[in-house]
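The primary structure of each chain is shown beneath.
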Amino acid sequence: MTAITLAPGLVYYPDYLDRQAQEQLLQSLREITRAAPLYTPRMPRTGKPFSVRMTNCGRLGWVSDIDGYRYQPMHPETGEPWPVMPDQVMQAWTAMSGYPHPPDACLINFYEPSARMGLHQDKDEEEFDAPVVSLSLGDTALFRYGGLERKDPTRSIRLKSGDAIVFGGPARLIHHGIDRLIPGSSDLLPQGGRLNLTLRKVEKPL
Ligand code: SIN
Ligand code: FE2
(Lines give C-alpha, C1' and ligand atoms only; values in the text may rest on other atoms or scores of the structure.)
(Ligands and ions follow the chains in the order given, each with its own letter.)
Protein backbone atom coordinates (compact mmCIF):
# COMPACT_ATOMS: atom_id res chain seq x y z
CA MET A 1 0.00 0.00 0.00
CA THR A 2 1.57 3.28 -1.14
CA ALA A 3 1.04 6.23 1.19
CA ILE A 4 1.79 9.77 0.03
CA THR A 5 1.69 12.53 2.64
CA LEU A 6 0.24 15.64 0.97
CA ALA A 7 0.33 17.78 4.13
CA PRO A 8 0.72 16.93 7.81
CA GLY A 9 -2.16 14.52 8.59
CA LEU A 10 -3.38 14.36 4.98
CA VAL A 11 -2.37 11.02 3.45
CA TYR A 12 -3.20 9.83 -0.06
CA TYR A 13 -3.31 6.09 -0.91
CA PRO A 14 -3.42 5.77 -4.71
CA ASP A 15 -5.03 2.53 -5.97
CA TYR A 16 -5.94 1.43 -2.45
CA LEU A 17 -8.68 -0.81 -3.94
CA ASP A 18 -7.81 -2.89 -6.99
CA ARG A 19 -10.44 -3.43 -9.69
CA GLN A 20 -11.83 -6.56 -8.10
CA ALA A 21 -12.15 -4.83 -4.72
CA GLN A 22 -13.84 -1.84 -6.41
CA GLU A 23 -16.40 -4.15 -8.04
CA GLN A 24 -17.01 -5.89 -4.73
CA LEU A 25 -17.56 -2.56 -2.97
CA LEU A 26 -19.87 -1.39 -5.76
CA GLN A 27 -21.95 -4.53 -5.31
CA SER A 28 -22.27 -3.80 -1.57
CA LEU A 29 -23.30 -0.23 -2.37
CA ARG A 30 -25.99 -1.48 -4.74
CA GLU A 31 -27.43 -3.55 -1.88
CA ILE A 32 -27.18 -0.62 0.52
CA THR A 33 -28.93 1.80 -1.83
CA ARG A 34 -31.73 -0.72 -2.39
CA ALA A 35 -32.43 -0.69 1.35
CA ALA A 36 -31.52 2.99 1.93
CA PRO A 37 -32.20 4.89 -1.34
CA LEU A 38 -30.08 7.87 -2.36
CA TYR A 39 -31.94 11.07 -1.54
CA THR A 40 -31.33 14.75 -2.24
CA PRO A 41 -30.08 16.61 0.84
CA ARG A 42 -30.92 20.30 1.25
CA MET A 43 -29.02 23.23 2.65
CA PRO A 44 -29.95 24.39 6.14
CA ARG A 45 -32.17 27.52 6.22
CA THR A 46 -32.44 28.01 2.44
CA GLY A 47 -33.55 24.48 1.54
CA LYS A 48 -31.46 24.69 -1.64
CA PRO A 49 -30.84 21.14 -2.93
CA PHE A 50 -27.30 19.71 -3.05
CA SER A 51 -26.15 18.53 -6.48
CA VAL A 52 -24.86 15.36 -4.78
CA ARG A 53 -27.27 12.64 -3.66
CA MET A 54 -26.57 10.84 -0.40
CA THR A 55 -27.24 7.85 1.79
CA ASN A 56 -25.35 6.24 4.68
CA CYS A 57 -24.47 2.95 6.24
CA GLY A 58 -23.43 2.23 9.82
CA ARG A 59 -25.08 3.05 13.13
CA LEU A 60 -25.33 6.77 12.36
CA GLY A 61 -25.72 8.74 9.16
CA TRP A 62 -25.00 12.35 8.28
CA VAL A 63 -28.02 14.25 6.98
CA SER A 64 -28.72 17.83 5.97
CA ASP A 65 -32.10 19.48 5.61
CA ILE A 66 -33.74 22.83 6.23
CA ASP A 67 -33.26 22.36 10.01
CA GLY A 68 -29.50 21.84 9.80
CA TYR A 69 -26.68 19.29 9.59
CA ARG A 70 -26.67 16.34 11.99
CA TYR A 71 -26.08 12.64 12.53
CA GLN A 72 -29.11 10.44 13.05
CA PRO A 73 -29.78 6.68 13.27
CA MET A 74 -32.42 6.51 10.54
CA HIS A 75 -32.90 7.35 6.88
CA PRO A 76 -34.71 10.71 6.58
CA GLU A 77 -37.22 9.46 4.00
CA THR A 78 -37.86 5.81 4.89
CA GLY A 79 -37.41 6.18 8.67
CA GLU A 80 -35.51 2.88 8.65
CA PRO A 81 -32.17 2.31 10.41
CA TRP A 82 -29.15 2.63 8.10
CA PRO A 83 -27.80 -0.62 6.61
CA VAL A 84 -24.82 -2.27 8.28
CA MET A 85 -21.35 -1.17 7.16
CA PRO A 86 -19.79 -3.79 4.85
CA ASP A 87 -16.71 -5.68 6.15
CA GLN A 88 -14.64 -4.20 3.31
CA VAL A 89 -15.37 -0.70 4.62
CA MET A 90 -14.50 -1.69 8.20
CA GLN A 91 -11.24 -3.19 6.91
CA ALA A 92 -10.33 0.04 5.12
CA TRP A 93 -10.84 1.93 8.40
CA THR A 94 -8.63 -0.55 10.28
CA ALA A 95 -5.93 -0.34 7.61
CA MET A 96 -5.77 3.44 7.30
CA SER A 97 -7.31 5.23 10.30
CA GLY A 98 -4.71 4.44 12.97
CA TYR A 99 -7.65 4.79 15.39
CA PRO A 100 -8.52 2.04 17.90
CA HIS A 101 -12.34 2.15 17.67
CA PRO A 102 -14.65 1.32 14.75
CA PRO A 103 -16.34 4.12 12.79
CA ASP A 104 -19.94 5.08 13.64
CA ALA A 105 -20.93 6.41 10.22
CA CYS A 106 -20.20 5.99 6.54
CA LEU A 107 -21.60 8.76 4.35
CA ILE A 108 -22.13 7.68 0.74
CA ASN A 109 -22.13 10.51 -1.81
CA PHE A 110 -23.23 9.95 -5.39
CA TYR A 111 -22.07 12.51 -7.95
CA GLU A 112 -23.74 12.58 -11.31
CA PRO A 113 -21.34 13.93 -13.95
CA SER A 114 -22.27 17.58 -13.32
CA ALA A 115 -22.34 17.40 -9.50
CA ARG A 116 -19.85 19.17 -7.24
CA MET A 117 -19.32 19.88 -3.57
CA GLY A 118 -18.32 23.28 -2.24
CA LEU A 119 -15.40 23.81 0.09
CA HIS A 120 -16.38 22.79 3.65
CA GLN A 121 -15.07 21.29 6.88
CA ASP A 122 -16.28 18.00 8.39
CA LYS A 123 -17.01 19.26 11.89
CA ASP A 124 -20.36 17.80 12.93
CA GLU A 125 -18.62 15.03 14.88
CA GLU A 126 -17.76 15.09 18.59
CA GLU A 127 -14.54 13.12 18.16
CA PHE A 128 -11.79 14.89 16.22
CA ASP A 129 -9.04 12.50 17.39
CA ALA A 130 -10.30 10.07 14.74
CA PRO A 131 -9.55 10.83 11.10
CA VAL A 132 -11.99 10.84 8.19
CA VAL A 133 -11.21 8.01 5.73
CA SER A 134 -12.45 8.54 2.17
CA LEU A 135 -12.82 5.96 -0.64
CA SER A 136 -13.61 6.85 -4.24
CA LEU A 137 -15.25 4.77 -7.01
CA GLY A 138 -16.07 5.66 -10.60
CA ASP A 139 -15.14 8.82 -12.44
CA THR A 140 -12.05 10.77 -11.39
CA ALA A 141 -12.77 13.89 -9.31
CA LEU A 142 -10.81 17.06 -8.77
CA PHE A 143 -10.53 17.15 -4.96
CA ARG A 144 -9.60 20.58 -3.57
CA TYR A 145 -8.10 20.98 -0.11
CA GLY A 146 -6.90 23.95 1.86
CA GLY A 147 -6.26 24.75 5.49
CA LEU A 148 -8.12 25.36 8.71
CA GLU A 149 -9.22 28.81 7.58
CA ARG A 150 -11.46 29.21 4.58
CA LYS A 151 -9.15 31.87 3.14
CA ASP A 152 -6.05 29.63 3.32
CA PRO A 153 -4.47 28.72 -0.02
CA THR A 154 -5.77 25.54 -1.66
CA ARG A 155 -4.35 22.83 -3.90
CA SER A 156 -6.08 20.09 -5.81
CA ILE A 157 -5.49 16.43 -6.53
CA ARG A 158 -7.27 14.00 -8.81
CA LEU A 159 -9.01 11.20 -6.92
CA LYS A 160 -9.62 8.25 -9.22
CA SER A 161 -11.56 5.02 -8.79
CA GLY A 162 -9.99 2.94 -6.02
CA ASP A 163 -8.05 5.81 -4.41
CA ALA A 164 -8.26 6.55 -0.69
CA ILE A 165 -7.45 9.71 1.21
CA VAL A 166 -7.30 10.15 4.97
CA PHE A 167 -7.50 13.44 6.85
CA GLY A 168 -6.56 13.28 10.47
CA GLY A 169 -4.41 14.92 13.09
CA PRO A 170 -3.57 18.48 12.05
CA ALA A 171 -5.54 17.95 8.79
CA ARG A 172 -8.74 16.68 10.44
CA LEU A 173 -10.55 20.00 10.05
CA ILE A 174 -9.12 21.22 6.75
CA HIS A 175 -11.44 22.72 4.16
CA HIS A 176 -12.08 20.40 1.21
CA GLY A 177 -14.49 19.94 -1.66
CA ILE A 178 -15.00 18.56 -5.15
CA ASP A 179 -14.57 21.06 -8.01
CA ARG A 180 -15.82 18.72 -10.71
CA LEU A 181 -15.71 15.23 -12.16
CA ILE A 182 -13.82 14.18 -15.25
CA PRO A 183 -16.64 12.51 -17.23
CA GLY A 184 -15.82 9.23 -18.93
CA SER A 185 -12.66 8.70 -16.86
CA SER A 186 -13.81 5.34 -15.43
CA ASP A 187 -15.90 2.46 -16.72
CA LEU A 188 -16.70 1.10 -13.24
CA LEU A 189 -20.18 2.66 -13.08
CA PRO A 190 -22.12 1.79 -16.25
CA GLN A 191 -23.86 5.21 -16.36
CA GLY A 192 -20.78 7.18 -15.25
CA GLY A 193 -20.60 9.39 -12.19
CA ARG A 194 -18.77 8.89 -8.93
CA LEU A 195 -19.36 7.36 -5.52
CA ASN A 196 -17.46 8.56 -2.48
CA LEU A 197 -17.56 6.99 0.96
CA THR A 198 -16.41 8.86 4.05
CA LEU A 199 -15.98 6.90 7.25
CA ARG A 200 -16.26 8.82 10.50
CA LYS A 201 -16.11 8.27 14.24
CA VAL A 202 -18.91 10.54 15.41
CA GLU A 203 -19.20 9.99 19.16
CA LYS A 204 -16.44 10.08 21.75
CA PRO A 205 -15.53 6.52 22.72
CA LEU A 206 -16.69 5.42 26.19
C1 SIN B 1 -17.11 14.97 1.34
O2 SIN B 1 -16.35 15.84 1.69
O3 SIN B 1 -18.12 14.63 2.00
C4 SIN B 1 -16.90 14.22 0.05
C5 SIN B 1 -15.56 14.38 -0.55
C6 SIN B 1 -15.46 13.56 -1.81
O7 SIN B 1 -16.46 13.36 -2.48
O8 SIN B 1 -14.34 13.13 -2.13
FE1 FE2 C 1 -16.34 16.50 3.69
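Each remark here, short or long, concerns the structure printed above.
Here's a quick rundown of the structure. Just so you know, these numbers come straight off a predicted model, no measurement behind them.

Observations regarding helix α2 (residues 87-96)
- Residues of α2 that are buried: Gln88, Val89, Ala92, Trp93 and Met96. Down the axis of α2, the sector holding all buried residues measures 145°, keeping them to one side. Structural note: α2 exposes Asp87, Gln91 and Thr94 on the side pointing more than 90 degrees away from its buried face.
- Each element contacted by the buried residues of α2 is listed here: β2 (10-13), α1 (19-35), β6 (105-111), β8 (132-138), β11 (164-167) and β13 (194-200).
- In the stretch just after α2, glycine 98 is the one whose phi turns positive, near 60°.

A few points about the side chain of histidine 75
- By the secondary structure assignment, histidine 75 is in the loop between β5 (68-72) and α2.
- Residue classification places histidine 75 among the buried positions, given a relative accessible area of 2%.
- In this structure the side chain of histidine 75 is engaged in a polar contact, spanning 3.2 Å, whose partner is the backbone nitrogen of threonine 78.
- Apart from residues lying up to four places away in sequence, histidine 75 is in contact with Ala36, Pro37, Tyr39, Thr55, Glu80 and Trp82.

Thresholds applied
Residues numbered from 1 in each chain as written. Chains lettered and ligands numbered in written order. Predicted model: local features only at pLDDT ≥ 70, side-chain atom pairs only at ≥ 80, totals over all residues. Heavy atoms only, no water. Buried < 20%, exposed > 50% of the residue type's maximum accessible area, 1.4 Å probe, protein only. Helix = DSSP H or I, 4+ residues; strand = E, 2+ residues; numbered from the N terminus. Arc of directions from axis to C-beta. Contact = heavy atoms within 4.5 Å. Polar contact = N/O pair within 3.5 Å; in protein donor to acceptor, adjacent residues only side chain to side chain.

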